[in-house]
Amino acid sequence: MHKKTTCHLLAAAAISAATAVSAEELMLEEVLVTAQKRQQDVMKVPLTVDTFSAEKIETTGALLLADMDEYIPGFEASETTVTQTSYTLRGISSPNISTGGDPSIATFYDDVYLPRAATTIAFSDMARVEVLKGPQGTLFGRNAAAGIINLVPNQPQQEAAGFIAARVGNHDLARIEGMLNLPLGDSLFLRANLLSNQRGGLVDNIGPASDDPGEQDSLNGRLALLWQISERSDWQVSYDWDDIDNAPPQAIGISEFAHSTNPFSSKVASDVINGEETREMYAVTSKLNHSFNDRWSLKFIASYRDFETTNRQDEDGTADPTRYLDTNNEEDSDIFYSEVQVHFQNDRYDWIMGATYSQEEVHQVTTVTALADSITRLVSGSASGGALDHLWDPAQMSAFIALGTGENVPPEVIAASGDTFYEAISAALGEPMIFGPSFAGTPWSEIVENRGDFTNWGVFSDVDITLNDRWNLIAGLRYSRDDKEFSWFTPATSFAALRPGVRNSIFSPADGFTAVDSPLQAEDDWQRTTGRLVAQYQINDHAMTFLSFSTGYKSGGFDSLDLSTADSPIEPEESTNYEWGIKGDFFNRSLRTQLSVFYMELDNRQRSVETRPPGQSQAIPTVINGDQEFTGVEVTLDWLASPSLRLGLVTTYREVESLWDSFFNANSELQTDREDGSTADAYTLWLDWTPDIPVGSLVFHIDYVFEEDDAEDEPDFLPEYNDIPRFGEDRKLLNARLAWTDDSGHYQVALWGRNLLDNDYINGVRNISTESFGTRFVSIREPLSWGMDFRYQY
């Protein structure tokens with residue numbers, strides 16, 4: 001179906017829905033969260049908490065955290081990769097490729113901490129997602145310098161229930177999900193869910209690579225068994241797993257050597273060899289709850305998670321073998337996490353204390369692969385010219401020798417032919433990096449292998465004191481310690497077995513790497529005490545305000561691609577946040593409001609940039625440090641205009657001042673003492689309407705998203721990015737869904753559309769091969785998408 005026809009159908013459905021009067025009533029429901037390790041009404045929690053409910057997951061069709069950032073003010077997630085997703089909260093993001101580092105935003109699933117590549121758990125049978133803004137070091141520990149994300153799956157229930165749902169759409173989307181909740185007796189309850197998601201590519205690949213960019217294929221599920229041991233005790237054990245086999249991340253070439261310089265031509269020519277993004281992951285979690293009496297209770301959590309990932313992706317955006325480059329980031333990691341909580345509560349004190357311990361073992365292999373064809377171009381320094389249509393012919397090589405030696409071409413070179421010609425050239429130059437036609441298409445691989453052993457432990461105490469009917473005072477402290485051992489191993493290129501004497505050209509001595517027989521070892525430890533102090537005032541039964549001071553900490557670490565961090569480890573991040581907020585249901589409880597104003601200082605912010613010092617062959621992602629100051633405001637409004645009409649607004653505005661350490665950008669230009677003052681604002685407007693119809697009920701949802709682009713404020717921004725079509729444009733999206741449910745509530749059918757304006761946007765720019773091969777490439781955001789939902793539940 002033509003995309004304009006689809007837009008017209010959705011618009012017509014929306015107009016039809018708007019012509020009737022409501023029969024089904026909307027309401028501002030109570031939302032319970034565990035943001036303070038206690039179950040509380042979100043409107044009573046004295047910190048900024050945004051929630052993404054199961055209803056919102058269904059309405060928006062969200063599958064991952066990256067699909068919900070439009071509805072949480074100040075929250076962003078990268079969209080093009082699953083195993084290396086980076087999250088941003090209030091302008092603070094963090095590198096997520098090096099196993100030696102940590103994120104600035106901690107992610108928890110079912111009360112358990114998730115490391116890097118494990119954070120993209122699908123929203124299968126998810127109760128809600130909580131996003132806590134600002135430092136959360138007291139209750140959640142390390143890596144919560146900017147905030148935390150808390151994924152809360154549904155737990156087994158006493159009543160039998162289940163559902164099966166399907167979502168189909170353009171781009172060959174097919175998503176099927178099912179859940180079954182069964183009582184196995186008076187005290188034993190089982191909940192099982194399974195979700196399969198498949199989608200075709202967003203761009204057609206006309207090159208020799210097999211996948212279209214954007215293809216998805218995943219299967220994940222969870223089994224949870226709850227035993228109600230007694231009135232005071234229960235024990236739950238769960239097993240979750242997923243299997244992801246996606247196409248590699250997008251690499252849409254925009255150079256003169258790509259299929260097109262227009263990233264929105266709907267076609268790309270990719271030749272990446274065995275490109276893929278995969279993850280195999282499983283976890284076992286045990287949670288024990290026991291109440292000693294009406295005041296004292298205990299909670300114990302223990303979990304083991306294991307995952308393996310690959311991410312082999314195109315790094316040149318062309319199908320030209322003389323410019324071929326790909327990278328593969330493989331990780332094999334496991335983590336044991338445990339936590340014990342002791343909770344005391346009476347009329348005056350609500351006190352929680354506890355300890356956490358985690359042990360993580362990581363193994364990362366970063367492989368960069370070229371071809372003999374592209375290595376020849378690399379050592380010749382011919383990045384942008386067209387002289388190398390393939391490997392050099394004898395006349396070109398003779399000219400190169402004369403230029404390189406400053407002498408006449410030796411007779412034995414002129415007389416040689418075939419591979420003998422190239423061997424003679426190598427001998428004449430003393431340069432083994434020149435290859436003959438028989439090597440055409442032969443892969444050249446170099447690797448950096450990292451191993452790490454990380455231990456973290458902490459103790460915490462947090463008390464909420466009720467001073468009187470209106471005033472509460474909350475104070476908390478945590479001590480955290482991180483111990484890290486890390487290693488780097490850089491063997492000789494795979495080509496050394498075919499041509500003795502060749503040297504590494506990508507992870508080369510000029511880049512700080514030396515091929516060695518034994519790993520380089522490093523170890524260090526970091527410890528910090530973080531805390532919070534909060535004053536809370538209850539304005540009336542339905543409104544409160546708070547003033548808070550909090551600090552956070554993110555561990556130091558090592559950069560997997562920067563050996564200098566063995567002697568000079570990455571400094572830990574430290575955050576200090578001052579915040580005032582107000583929450584409440586106003587105007588006869590029809591307008592729910594959450595307003596926050598904050599000022600945050602972040603010292604030693606860790607940021608990944610693509611850097612290429614002079615003499616280095618390729619741009620390599622490297623972590624730098626910087627200091628930042630953030631001032632901002634966030635607003636969430638939820639207005640029940642009538643029993644049938646509900647309107648909402650989420651918005652944020654912030655100003656940032658940054659001072660970054662010096663570094664060389666991808667053009668080998670030194671960036672010194674770069675200081676930026678930037679502003680960024682974003683908002684989402686939404687509407688829910690329930691018109692009256694003769695049979696069943698109808699819910700119409702529409703939302704409009706605006707996000708100001710601030711790419712020019714990134715530390716590795718290059719002026720030439722402004723020449724890329726649609727780069728730097730503010731994002732504007734229109735999404736809608738029309739759902740019909742039968743009178744019994746068992747059946748539902750929905751029509752939905754996303755990006756109904758069909759706007760095109762750049763998602764990111766990469767420069768890893770620009771200087772060497774003249775190849776820059778981008779990723780793009782999802783274009784117009786539409787389809788239908790079907791659901792049966794009992």
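Residues numbered from 1 in each chain as written. Predicted model: local features only at pLDDT ≥ 70, side-chain atom pairs only at ≥ 80, totals over all residues. Heavy atoms only, no water.

A word on the nonpolar core
By size, the foremost hydrophobic cluster in this structure holds 33 residues, and its most contacted members are Phe-52, Leu-65, Met-68, Phe-75, Phe-123, Val-129 and Leu-151. Those elements that provide at least two residues to this core are strand E4 (75-77), strand E5 (87-89), strand E6 (105-109), strand E8 (126-133), strand E9 (147-153) and strand E27 (591-611). Beyond its immediate stretch of four places on either side in the chain, Phe-75 contacts Leu-65, Met-68, Asp-69, Tyr-87, Thr-88, Leu-89 and Ile-149. With 27 residues, the next largest nonpolar core counts Ala-372, Trp-488, Phe-513 and Ala-522 among its residues. (Core = buried A, V, L, I, M, F, W, Y, C linked by side-chain atoms within 4.5 Å. Buried < 20%, exposed > 50% of the residue type's maximum accessible area, 1.4 Å probe, protein only. Helix = DSSP H or I, 4+ residues; strand = E, 2+ residues; numbered from the N terminus. Contact = heavy atoms within 4.5 Å.)

Thoughts on the confidence of the model for the chain
Counting all residues, the mean pLDDT for the chain is 86, and 86% of those residues have values of 70 or more. The model gives residues 384-394 a pLDDT under 50, and that stretch makes 28 contacts with residues more than four places away or in other chains. The low-confidence segment residues 396-407 (pLDDT under 50) makes 22 contacts with residues lying over four places distant or belonging to another chain. (pLDDT = per-residue confidence, 0-100.)

Thoughts on the side chain of Ser-550
With respect to the helices and strands, the residue Ser-550 is situated in strand E25 (residues 543-554). Those residues in contact with Ser-550 that lie beyond four places of it in its chain are Pro-135, Gly-531, Arg-532, Ser-575, Thr-576 and Asn-577.

Brief notes about the pattern of salt bridges
In a structure, side chains of opposite charge can pair up when their charged atoms sit close to one another. All chains considered together, the criterion is met by 41 salt bridges. The shortest N-O distance in the salt bridge between Glu-574 and Arg-528 comes to 3.2 Å. A residue pair is termed long-range when its members are at least 10 positions apart, and Glu-574 in strand E26 (residues 573-586) and Arg-528 in strand E24 (residues 520-540) qualify at 46 residues. A relative accessible area of 31% places Glu-574 in the partly exposed class. Two residues, Arg-776 and Glu-720, come together in a salt bridge whose shortest N-O distance is 3.6 Å. In this pair, Arg-776 is assigned in the loop between helix H8 (770-773) and strand E37 (777-780) and Glu-720 in the loop between strand E33 (697-707) and strand E34 (731-741), connecting sequence segments 56 residues apart. Each of Asp-50, Arg-90, Lys-133, Glu-579 and Glu-634 takes part in one network of salt bridges that share partners. (Salt bridge = Lys/Arg side-chain N within 4 Å of Asp/Glu carboxyl O.)

Some words on the pairing of strand E21 (residues 349-371)
Two faces, one strand: in a regular strand the side chains alternate between the faces of the sheet. Strand direction decides the pairing type here: strand E20 (residues 325-345) and E21, joined by 21 bridges, are antiparallel. Each bridged residue has a counterpart across the sheet, and for Asn-329 the counterpart in E21 is Thr-366. Connecting the antiparallel pair E20 and E21 is a turn made up of three residues. Bridge count for E21 against strand E22 (residues 443-466) is 23 bridges, and the pairing is antiparallel. Its bridge partner being in E22, Met-353 is matched across the sheet by Ser-461. (Pairing = 2+ DSSP bridges.)

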